[in-house]
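Results of the structural survey
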Amino acid sequence: MCSKLKRDKTGAVVYALLILVIVAGASLGAATLAKVTEIQQAESTAPSTSSCYPPAPSFNKASGESQFSSFVGEAPNILIAYHSVSGGTEQLVNFTAGGALQCCNATVITVDVATLDPNDTVATAELLNSADGIILGSGVYNGDVQ
Amino acid sequence: MSNWLTTWPNSHSGDTMLDLSWTVGDALCTSGGYATGAQPTLYSLQRALQTFNAMYAGGTSWRSGTGICAIVDGSDGAVGMENVSEVAKYAQYLGYRVAMMASQLKVAKAAIRAANQDPFDYSNPDRPDIQWPPRVLP
């Protein structure tokens, strides 16, 4: 009988302590939440001092994605103007065009300059001005451009 | 190719000077041997581009810093390229690099235009209508 009473008393004390811990934790949590909200409000109303600078690049090691890799520029127009006599330069141009096509939704135009009118400077200027990147290809003749 | 390069509009021939300031340039060539003038050919193409203010990209490796040149054997009508897989790799990287740089420059040019600035409004001694010395864009 005595031992049962003692056990009941111990249980009551444990229950009381447990309730005390829960109440204290809840009040502490509420206070922390209030403080965080207060800081967030202060930050949102304060003028930004870093508006002149772009945000730091992020990098996700798990997926391998970074802010830079996800950044896509505008699709460029790439002009590859070449002259090929025996086909070797054309083959090299095709390799280069294949690489350019893998980037940035690029549009690649390959032009054999032998097919262009050398007297039409207006068409030449339009062709060159329409390109964002120009790659010139030539064979070697007598140590210089063919 | 050399004939075509001479047709590019320039102020010396009385035309409006072609302005490739916002254009990325690069060069490639094929040669019959290692000592036949591959490097001077690449430099000639580079000089042609830079005469008109283009920015020269080069390749992605020290082996292709001034462009890429492949050694070919065109004898007997058959074209053979030495180290085709290696050359293809360097050529693809070169093309990718040009496209990537051109893409980013296109964005920069659009940003300057969005700020109501003319991307070609930089000081140029060939353009007396534009002020000199240069001013810094915001």
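You'll find the structure just up there.
Structural notes, computed from the coordinates. (Residues numbered from 1 in each chain as written. Chains lettered and ligands numbered in written order. Predicted model: local features only at pLDDT ≥ 70, side-chain atom pairs only at ≥ 80, totals over all residues.)

Another point: the nonpolar core. Ranked by internal contacts, the top residues of the largest apolar core, which has 52 residues, are Ile78(A), Ile80(A), Ala100(A), Ile134(A), Val98(B) and Ala99(B). Within the residue set of this core, elements represented by two or more residues are strand S3 (77-82), helix H3 (88-101) and strand S5 (133-141) of chain A together with strand S1 (24-31), helix H2 (38-51), strand S3 (68-73) and helix H3 (84-114) of chain B. Other than its neighbours up to four places away in sequence, Ile78(A) contacts Ala100(A), Ala106(A), Thr107(A), Val108(A), Ala131(A), Asp132(A), Gly133(A), Ile135(A), Val98(B), Ala99(B) and Ala102(B). (Core = buried A, V, L, I, M, F, W, Y, C linked by C-beta atoms within 7 Å. Buried ≥ 20, exposed ≤ 12 C-beta atoms within 10 Å, placed from the backbone. Helix = DSSP H or I, 4+ residues; strand = E, 2+ residues; numbered from the N terminus. Contact = placed C-beta atoms within 7 Å.)

Pairing geometry for S1(B) and S3(B), over 4 bridges, is parallel. From the neighbouring strand, Thr30(B) faces S3(B), where its bridge partner is Ala70(B). (Pairing = 2+ DSSP bridges.)

Turning to the interface of chain B and chain A, a few remarks are in order. Contacts between chain B and chain A engage 53 residues on the former and 43 residues on the latter. Of all the secondary-structure elements, those providing two or more residues to the side of chain B that touches chain A are helix H1 (2-5), S1, H2, S3 and H3 of chain B. With 18 residues, the single largest contributor to the side of chain B that touches chain A is H3(B). In terms of residue class, the side of chain B that touches chain A is built from 33 nonpolar, 17 polar and 3 charged. The pairing of S5(A) with S1(B) spans 7 bridges and is parallel. Looking at S1(B), one finds that Gly137(A) is bridged to Leu28(B). (Nonpolar A, V, L, I, M, F, W, Y, C, P; charged D, E, K, R; others polar.)

Its 31 residues place the ends of H3(B) 45 Å apart at the C-alpha level, agreeing with the 45 Å of an ideal helix rising 1.5 Å per residue. Asn116(B) lies just past H3(B) and shows a positive phi near 60 degrees. (Expected span 1.5 Å × (residues − 1).)

In this section: unusual backbone geometry. Most peptide bonds take the trans form, and the phi angle of most residues other than glycine is negative. Residue and element names in this part refer to chain A. The phi dihedral of Cys104 falls on the positive side, at around 60 degrees, and the residue is not glycine. As for its placement among the helices and strands, Cys104 is situated in the loop between H3 and strand S4 (107-112). Judged by the 23 C-beta atoms lying within 10 Å of it, Cys104 falls in the buried class. Of note in the backbone geometry, Asn142 takes a positive phi value of approximately 55 degrees without being a glycine.

So, about the packing of H3(A) against H3(B). Across the interface, H3(A) lies against H3(B) with an axial gap of 6 Å and an inter-helix angle of 50 degrees. With respect to their mutual orientation, H3(A) and H3(B) come out oblique. The chirality of how H3(A) crosses H3(B) is right-handed. Two secondary-structure elements touch here, H3(A) through Leu92(A), Phe95(A), Thr96(A), Ala97(A), Gly98(A), Gly99(A) and Ala100(A) and H3(B) through Val87(B), Ala88(B), Ala91(B), Gln92(B), Tyr93(B), Leu94(B), Gly95(B), Tyr96(B), Val98(B) and Ala99(B). (Axes fitted to C-alpha atoms, helices over the stretch in contact; angles between N-to-C directions. Parallel < 35°, antiparallel > 145°, perpendicular 65-115°, else oblique. Left-handed = near helix turned anticlockwise from the far one by under 90°.)

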